[in-house]
Amino acid sequence: MKSTGVVRRIDDLGRIVIPKEIRRTLRIREGESLEIYTEGEMVLLKKYSPMEDLGEISHELVNSVSQSLPDNIMITDRDKIIAVTGALKNNYLNKNISSFLEEKINNRETLVEKESGDIEFVNGIKEKCSYVIYPIIANGDAIGLVSIYSIDKEVTELEMKIASIVANFLGKHIEE
């Protein structure tokens, strides 16, 4: 465990302030949830992601879809890529998503780029591909996204429908 050297007092309501630098580094936004753990005399805070519980299902889902679809498929939570198929899997899996994808999640934006163009799924790595991005919504909150992308062909109506089905399935699964 890494010490930050920051000391904070607990107020009369039991609250502490997490410094802005730590919130920025860990990508903790206003209104997000934290899980609280104890270990010995330590209190541990962990950023909560409802998608984290769906890691195994997400991997099974992308692998199943990729058996019938020649394109690549990616599933993210609000911060990182949790499941991905294709040749670029090692470049993306468990990496923080780009600010571009973060913006699409925050805006609950569906985006289709049929023409091959540059996109950053991860900051600093540009890909030239066609793609569809579909947000995952659960209990009214945008919690991640599904992207299907192709390096060598245009995405079609089929990829758009599959991205929608996968996103809706994951959103409903979290709500249950």
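Scroll up a little and you will see the structure.
In this text, all values refer to a predicted model and were calculated from it rather than measured experimentally.

A. The sheet that holds strand E3 (residues 72-76), seen in detail. With antiparallel pairing, five strands are arranged side by side in an open sheet as E4-E3-E7-E6-E5. Of all the strands in the sheet, the pair left with one neighbour each is strand E4 (81-84) and strand E5 (111-122). Ignoring which end each strand starts from, the neighbouring axes of this sheet average 40° apart. Here nine bridges tie strand E6 (residues 125-138) to strand E7 (residues 141-150), and the two strands are oriented antiparallel to one another. Paired with Ile133 across the bridge in E7 is Ser147.

B. Geometry of the packing of aromatic side chains. Tallied over the entire structure, the rule returns two aromatic pairs. Aromatic pair Phe121 and Tyr149: ring centres 4.8 Å apart, planes at 40°, arrangement tilted. Residue Phe121 is found in strand E5, and its partner Tyr149 is found in strand E7; the two are separated by 28 residues along the sequence. Its relative accessible area of 0% is what places Phe121 among the buried residues.

C. Expanded view of the environment of Tyr92. With respect to the element layout, Tyr92 can be found in helix H3 (residues 89-92). In sequence terms Tyr92 and Thr38 are 54 residues apart; their C-alpha atoms lie 32 Å from each other. Look past the residues within four positions of Tyr92 in its chain and what remains in contact with it is Met74, Ile81, Val84, Phe121, Val122, Ile125, Glu127 and Tyr149. A distance of 2.8 Å separates polar atoms of two side chains, one belonging to Tyr92 and the other to Glu127.

D. Structural detail: the nonpolar core. Core analysis: the largest hydrophobic core is formed by 23 residues, its most contacted members being Met51, Ile75, Ile136, Val146, Val166 and Leu170. When residues of this core are traced back to their parent elements, those giving at least two are helix H2 (55-68), E3, E4, E6, E7 and helix H5 (157-175). When residues of this core are assigned to their parent elements, the largest contribution, seven residues, is made by H5. Apart from the residues within four sequence positions on either side, Met51 is in contact with Ser58, Ile75, Thr76, Asp77, Ile82, Ile136, Ile143, Leu170 and Ile174. Met74, Phe121, Tyr131 and Leu145 belong to the second-largest nonpolar core, a separate cluster that totals 18 residues.

E. Representation of unusual backbone geometry in the model. Phi is positive for Asn94, which is not a glycine, with a value near 65°. Looking at where Asn94 falls in the secondary structure, it is placed in the loop between H3 and helix H4 (99-106). Residue Asn94 is classed as exposed on the basis of its relative accessible area of 52%. Even without being a glycine, Arg108 presents a positive backbone phi close to 55°. Within the element layout of this structure, Arg108 appears in the loop between H4 and E5.

F. Representation of the side chain of Ser147 within the structure. With respect to the helices and strands, Ser147 occurs in strand E7. A distance of 3.2 Å separates a polar atom in the side chain of Ser147 from the backbone oxygen of Val132. Apart from residues lying up to four places away in sequence, Ser147 is in contact with Asn72, Ile73, Met74, Phe121, Tyr131, Val132 and Ile133.

Each value, and the rule that gives it
Residues numbered from 1 in each chain as written. Predicted model: local features only at pLDDT ≥ 70, side-chain atom pairs only at ≥ 80, totals over all residues. Heavy atoms only, no water. Pairing = 2+ DSSP bridges. Helix = DSSP H or I, 4+ residues; strand = E, 2+ residues; numbered from the N terminus. Axes fitted to C-alpha atoms, helices over the stretch in contact; angles between N-to-C directions. Phe/Tyr/Trp six-rings, centres within 6.5 Å; stacked < 30°, edge-to-face > 60°. Buried < 20%, exposed > 50% of the residue type's maximum accessible area, 1.4 Å probe, protein only. Contact = heavy atoms within 4.5 Å. Polar contact = N/O pair within 3.5 Å; in protein donor to acceptor, adjacent residues only side chain to side chain. Core = buried A, V, L, I, M, F, W, Y, C linked by side-chain atoms within 4.5 Å.

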